[in-house]
2 protein chains.
Amino acid sequence: MNAYPQSVIKLIDEFGKMPGIGQKTAERLACHILKLPAEEAMQLAYAIRDVKKHAKTCSVCFNVSENDPCHICSDMSRDRSVICVVEQLADFLTIEKTGKYHGLYHVLQGHISPLEGIHPESLTIEKLLQRVKADHVKEVLLATNLNMEGDATALYIHKQLYVLGVRITRLARGLPTGSYLEYANTAIVADAISGRSEMLGV
Amino acid sequence: MNAYPQSVIKLIDEFGKMPGIGQKTAERLACHILKLPAEEAMQLAYAIRDVKKHAKTCSVCFNVSENDPCHICSDMSRDRSVICVVEQLADFLTIEKTGKYHGLYHVLQGHISPLEGIHPESLTIEKLLQRVKADHVKEVLLATNLNMEGDATALYIHKQLYVLGVRITRLARGLPTGSYLEYANTAIVADAISGRSEMLGV
């Protein structure tokens with residue numbers, strides 16, 4: 001298929017490498033870039049360049065930031081006695097957006113998955129243990145995903161932290177707000193039963 | 001929300017300006033760029049730069065190309081007596097991909113839509129008329145979208161071309177292959193009846 005000139009094919013290819021972008025969407029995005037005035041299109045190119053130039057990984061929590069330590073680690077108003085452990089950057093944002101958490105973070109940069117060749121040493125677990133030992137950490141909230149890899153990773157970290165006598169918590173498992181029992185998965189309902197909590201009267 | 005550093009927020013913004021990319025997807029794409037090695041991420045930035053540098057609009061058919069006239073207009077093996085009129089670049093590709101069409105193209109760069117302030121003069125219709133008059137064009141296939149704006153645009157062009165005595169055709173309207181009558185829209189079935197064709201026996 002040679003309907004497009006070389007530079008456009010290359011752009012479609014590059015868009016197509018992004019997660020969740022198929023051939024059709026990549027073509028639509030490339031057509032959009034073609035239609036845009038050069039100056040506006042270049043804003044995206046510049047933004048990519050600037051991110052790769054300025055955004056660094058925080059040496060403490062492995063979050064992304066333009067400073068090291070990052071804006072969270074260096075924010076003295078945050079509760080420094082709690083560390084929330086997440087698999088990746090996007091998860092950190094999800095937690096931060098809730099506005100319910102005011103402690104520090106630790107980004108593992110993945111999850112344990114022997115099948116994919118990701119072993120505990122590939123993650124930032126060792127650094128997490130050092131932080132817990134060195135700083136006055138009272139609680140570690142394991143906020144890895146609620147799937148097999150996330151659970152395995154949480155379990156592994158739990159084993160390492162247990163001996164340090166720190167409080168170790170995990171995100172609550174249950175039925176998502178707004179869901180109907182009728183359509184819910186058995187495993188999820190089972191989790192919701194095991195994790196049931198006292199209901200406060202009015 | 002200040003969870004991300006400035007350069008990342010800017011990148012999310014830029015991705016979010018693309019068609020069909022919401023806030024959530026823009027964040028996912030930005031996180032992907034953050035995770036990539038700088039060299040790979042820059043490939044996308046370079047691809048955008050190169051497209052804006054090399055891709056030009058063909059002065060004959062308004063297609064995009066690295067040459068002027070474009071690779072279609074200068075391809076002497078194509079049938080130069082037919083011009084397929086499309087609204088935009090993406091439509092040209094859709095037609096070209098079928099492999100069923102071997103003539104030339106004319107990209108209108110939009111459709112007539114008084115509500116959006118797009119009048120015939122904003123499109124490349126004048127240039128199309130010049131081409132039909134000057135070259136030995138026998139047929140103009142109006143391949144604008146099969147919606148209100150596309151029909152209005154086709155009708156307008158039809159009126160202009162009619163006096164030139166050229167054959168004017170329109171894409172077939174009917175039921176899409178694989179569809180069930182039961183679920184089809186009344187207007188579509190009506191179109192399929194009006195446009196019915198002789199069935200050839202075996």
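Note that this is a predicted model, so its numbers are computed, not measured. (Residues numbered from 1 in each chain as written. Chains lettered and ligands numbered in written order. Predicted model: local features only at pLDDT ≥ 70, side-chain atom pairs only at ≥ 80, totals over all residues. Heavy atoms only, no water.)

## Describing the pairing of strand E3 (residues 79–86) of chain B
Residue and element names in this part refer to chain B.
Now for step 1: The buried fraction of E3 is high, at 6 of 8 residues.
Now for step 2: Across 5 bridges, E3 lies against strand E4 (residues 103–107) in parallel orientation. Pairing of Ile83 across the sheet is with Leu104, part of E4.
Now for step 3: In this region the chain leaves E3, passes through helix H4 (residues 89–98) and returns to the parallel neighbour E4; the handedness of that crossover is right-handed. (Buried < 20%, exposed > 50% of the residue type's maximum accessible area, 1.4 Å probe, protein only. Helix = DSSP H or I, 4+ residues; strand = E, 2+ residues; numbered from the N terminus. Pairing = 2+ DSSP bridges. Right-handed = clockwise from strand over helix to strand, strands pointing away.)

## Quick notes on the packing of aromatic side chains
Residues and elements named next belong to chain A.
Now for step 1: Considering all chains together, one arrives at 6 aromatic pairs over all chains under this definition.
Now for step 2: With 6.2 Å between their ring centres and 75° between their planes, Tyr180 and Tyr183 make a pair best called edge-to-face.
Now for step 3: On the accessibility criterion, Tyr183 (64% relative accessible area) is exposed.
Now for step 4: Through pairs of rings, three or more aromatic residues link up here, namely Phe92, Tyr101 and Tyr105. (Phe/Tyr/Trp six-rings, centres within 6.5 Å; stacked < 30°, edge-to-face > 60°.)

## A closer look at the environment of Ala192 of chain A
Residues and elements named next belong to chain A.
Now for step 1: Along the chain, the position of Ala192 falls in helix H7 (residues 186–194).
Now for step 2: Exposure remark for Ala192: the relative accessible area of 22% places this residue in the partly exposed category.
Now for step 3: Between the alpha carbons of Ala192 and Glu40 there is a distance of 49 Å; along the sequence they are 152 residues apart.
Now for step 4: Sequence-distant contacts of Ala192, that is, excluding residues within four places in its chain, are made with Gly174 and Leu175. (Contact = heavy atoms within 4.5 Å.)

## Regarding the sheet that holds E4 of chain B
All names here are of chain B.
Now for step 1: As summarised here, the arrangement of the 4 strands in space is E4-E3-E5-E6, forming an open sheet in which the pairing is parallel. Strand pairing shows two members of the sheet lacking a second neighbour, E4 and strand E6 (167–170), which therefore form its edges. Neighbour-to-neighbour, the strand axes of this sheet turn through a mean angle of 25°, independent of strand direction.
Now for step 2: Two strands pair when backbone bridges link them, and E3 and strand E5 (residues 139–142) are joined in this way by 4 bridges, in the parallel orientation. Bridge assignment links Cys84 to a residue of E5, and that residue is Leu141. (Axes fitted to C-alpha atoms, helices over the stretch in contact; angles between N-to-C directions.)

## Some words on the environment of Arg80 of chain B
Residues and elements named next belong to chain B.
Now for step 1: Looking at the secondary structure, you find Arg80 in strand E3.
Now for step 2: For the pair Arg80 and Met148, spaced 68 residues apart in sequence, the C-alpha separation works out to 29 Å.
Now for step 3: Side-chain polar atoms of Arg80 contact the backbone oxygen of Asp75, separated by 3.4 Å. (Polar contact = N/O pair within 3.5 Å; in protein donor to acceptor, adjacent residues only side chain to side chain.)

## What about the domain arrangement of chain A?
Now for step 1: Per the domain assignment, the segments making up chain A are domain 1 (6–54) and domain 2 (64–170).
Now for step 2: One C-alpha centre belongs to domain 1 of chain A, the other to domain 2 of chain A; they are set 33 Å apart. (Domains from an automatic or database assignment.)

## A closer look at the relation of the copies chain A and chain B
Now for step 1: Take chain A, turn it by 179°, move it 0.0 Å along the axis, and it overlays chain B with an RMSD of 0.1 Å. Here the two chains are linked by the operation of a two-fold rotation axis. Within chain A, Ala45 of chain A has its C-alpha nearest the rotation axis, a separation of 2.0 Å.
Now for step 2: Counting the interface residues of chain A, we find that 100% of their copies in chain B are interface residues as well, pointing to one common contact surface. (Least-squares fit on C-alpha atoms with pLDDT ≥ 70 in both.)

## Here we look at the sheet that holds strand E5 (residues 139–142) of chain A
Residue and element names in this part refer to chain A.
Now for step 1: Reading across the sheet, the 4 strands line up as E4-E3-E5-E6 and stay open at both edges, with parallel pairing between neighbours. If you trace the sheet from one side to the other, it starts and ends with strand E4 (103–107) and strand E6 (167–170), each paired once. The mean angle between the axes of side-by-side strands here comes to 25°, regardless of whether they run parallel or antiparallel.
Now for step 2: Together, strand E3 (79–86), E5 and E6 form the strand contacts of helix H6 (residues 148–162), whose direction differs from that of E6 by roughly 170°.

## Topic: the pattern of salt bridges
Pairs may arise between side chains of opposite charge once their charged atoms sit close together.
Now for step 1: This structure, assessed with the given rule, holds 18 salt bridges over all chains.
Now for step 2: Between Lys97 of chain B and Glu27 of chain A there is a salt bridge; the shortest N-O distance is 3.2 Å. Of this pair, Lys97 of chain B sits in helix H4 while Glu27 of chain A sits in helix H2 (residues 23–35), each in a different chain.
Now for step 3: Residue Asp50 of chain A pairs with Arg49 of chain A through a salt bridge whose shortest N-O separation is 3.3 Å. (Salt bridge = Lys/Arg side-chain N within 4 Å of Asp/Glu carboxyl O.)

## Brief notes about the interface of chain A and chain B
Now for step 1: Across the contact, 55 residues belong to chain A and 55 residues belong to chain B.
Now for step 2: Buried area between chain A and chain B, summed over both chains or domains, comes out near 4600 Å², and the portion from carbon and sulfur atoms is 74%.
Now for step 3: Here chain A and chain B share 2 salt bridges between them.
Now for step 4: Here chain A is connected to chain B by 14 residue pairs in polar contact (both at pLDDT 80 or more). (Buried area = accessible area lost by both parts, 1.4 Å probe.)

## Examining the UniProt feature "zinc finger region: C4-type" (unreviewed entry) in chain A
Now for step 1: Within the UniProt annotation, "zinc finger region: C4-type" (unreviewed entry) is assigned to residues 58–73 of chain A.
Now for step 2: Secondary structure over residues 58–73 of chain A splits into 0% helix and 12% strand, and the C-alpha atoms at its two ends are 8 Å apart. (UniProt positions renumbered as here; feature names shortened; annotations may be inferred.)

## Some details on the state of the cysteines
Residues and elements named next belong to chain A.
Now for step 1: A full pass over the atoms with the stated rule returns 0 disulfides over all chains.
Now for step 2: Cys61 provides the cysteine sulfur closest to Cys70, a residue in no disulfide bond, and the two sulfurs are 3.7 Å apart.
Now for step 3: Classification of Cys70 by relative accessible area gives buried; the value is 0%. (Disulfide = S-S within 2.5 Å.)

## Examining the environment of Ile72 of chain A
All names here are of chain A.
Now for step 1: Turning to its location among the elements, Ile72 is positioned in the loop between strand E2 (64–65) and E3.
Now for step 2: Between the C-alpha atom of Ile72 and that of Tyr105, which follows or precedes it by 33 residues, the distance is 7.8 Å.
Now for step 3: Leave out the neighbours within four places in its chain, and Ile72 touches Asn63, Arg78, Phe92, Glu96, Gly103, Leu104 and Tyr105.

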